[in-house]
Amino acid sequence: MNDAVNWDTLTRIWLGGEQDAASVDPHDIRRRVRSESRRMLLGTLLEYAVGLALVCLAAWTLATDKSLQSFVWGFALLWFTATALQFSSSNRRGLWEPAGHSTRDYLALARERLRRRRLALRFAWLLYALEVLFLLAWYPASWFFWPEEFWPLIERTPEVIGALALVTLAIVGWSVHVSQRIRTEGAGLARLQQELEPG
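Residues numbered from 1 in each chain as written. Predicted model: local features only at pLDDT ≥ 70, side-chain atom pairs only at ≥ 80, totals over all residues. Heavy atoms only, no water.

Should their charged atoms come close, side chains of opposite charge can pair. What the rule picks out here adds up to five salt bridges. A salt bridge links Arg 117 to Glu 185, with the shortest nitrogen-to-oxygen separation between them at 3.1 Å. Of this pair, Arg 117 sits in helix 4 (residues 103-145) while Glu 185 is found in helix 6 (residues 157-196), placing the two residues 68 residues apart along the sequence. Classification of Arg 117 as partly exposed rests on a relative accessible area of 25%. Residue Arg 181 is joined to Glu 185 by a salt bridge in which the shortest nitrogen-to-oxygen separation is 3.7 Å. Taken together, the residues Arg 181 and Glu 185, both in helix 6 and four residues apart, mark about one turn of the helix. We classify Glu 185 as buried; its relative accessible area is 12%. Each member of the salt-bridge network shares a partner with another, and the members are Glu 112, Arg 115 and Arg 116. (Salt bridge = Lys/Arg side-chain N within 4 Å of Asp/Glu carboxyl O. Helix = DSSP H or I, 4+ residues; strand = E, 2+ residues; numbered from the N terminus. Buried < 20%, exposed > 50% of the residue type's maximum accessible area, 1.4 Å probe, protein only.)

Structure representation (structure tokens):
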């Protein structure tokens, strides 16, 4: 709700142009953009903290269990974590500050941030699909390389399906929430774009 109010306030300020300059704190827009940048920074730090925890888990597994099975799982965990962090870093590149200080510069930054959030949403689903495919591939791999582990894996299948269902529901809920926010903010920015560039 606060983000929606903030964007509405920015829209009113921007649309007011020079007529509202006297009644508006000249640093208000910058403060709001910096506030959003701070949230991005916190999100980045959280992602890297989770990534570091996963890397430590993989390293501990590889150090304490020298089996091929643990090596495959540890390597997969490292690869998925590195892929996610690399995308997150590259997807935020160039989003921290506007190119200039004009209204159009701030508008361009806001629109680019929305575009990158759409990319992040698609990437999250792609990465999740790859993780599910890896898990499914583990069944024939277990049967071929570790036959003694195959039937215990089959017995745990209901638990695996339940966990996948919960994760899928969580991702769907997150996707719906993010998509709604993107549409709401995108509509406001589109109206602002029309006001700034009539015709």
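With that settled, consider the nonpolar core. Of all hydrophobic cores here, the largest spans eight residues; its members are Leu 107, Ala 110, Leu 114, Leu 121, Val 178, Ile 182, Leu 189 and Leu 192. At the level of secondary structure, the elements contributing two or more residues to this core comprise helix 4 and helix 6. Of all hydrophobic cores here, the second largest spans five residues; its members include Ala 76, Phe 80, Phe 87 and Phe 123. (Core = buried A, V, L, I, M, F, W, Y, C linked by side-chain atoms within 4.5 Å.)

What follows deals with the packing of aromatic side chains. Per the counting criterion, the structure on display carries eight aromatic pairs. Taking 5.1 Å as the distance between ring centres and 90° as the angle between the ring planes, the aromatic pair formed by Trp 73 and Phe 134 counts as edge-to-face. With Trp 73 in helix 3 (residues 68-91) and Phe 134 in helix 4, this residue pair connects regions lying 61 residues apart in the sequence. The exposure class of Trp 73 is partly exposed, given its relative accessible area of 35%. Ring plane angle 40° and centroid distance 6.2 Å describe the contact between Phe 134 and Trp 138, whose orientation is recorded as tilted. Of this pair, Phe 134 and Trp 138 both sit in helix 4, four residues apart, which is roughly one turn of that helix. Exposure remark for Phe 134: the relative accessible area of 23% places this residue in the partly exposed category. Taken together, the aromatic side chains of Trp 73, Trp 79, Phe 80, Phe 134 and Trp 138 make up a single cluster linked through ring pairs. (Phe/Tyr/Trp six-rings, centres within 6.5 Å; stacked < 30°, edge-to-face > 60°.)

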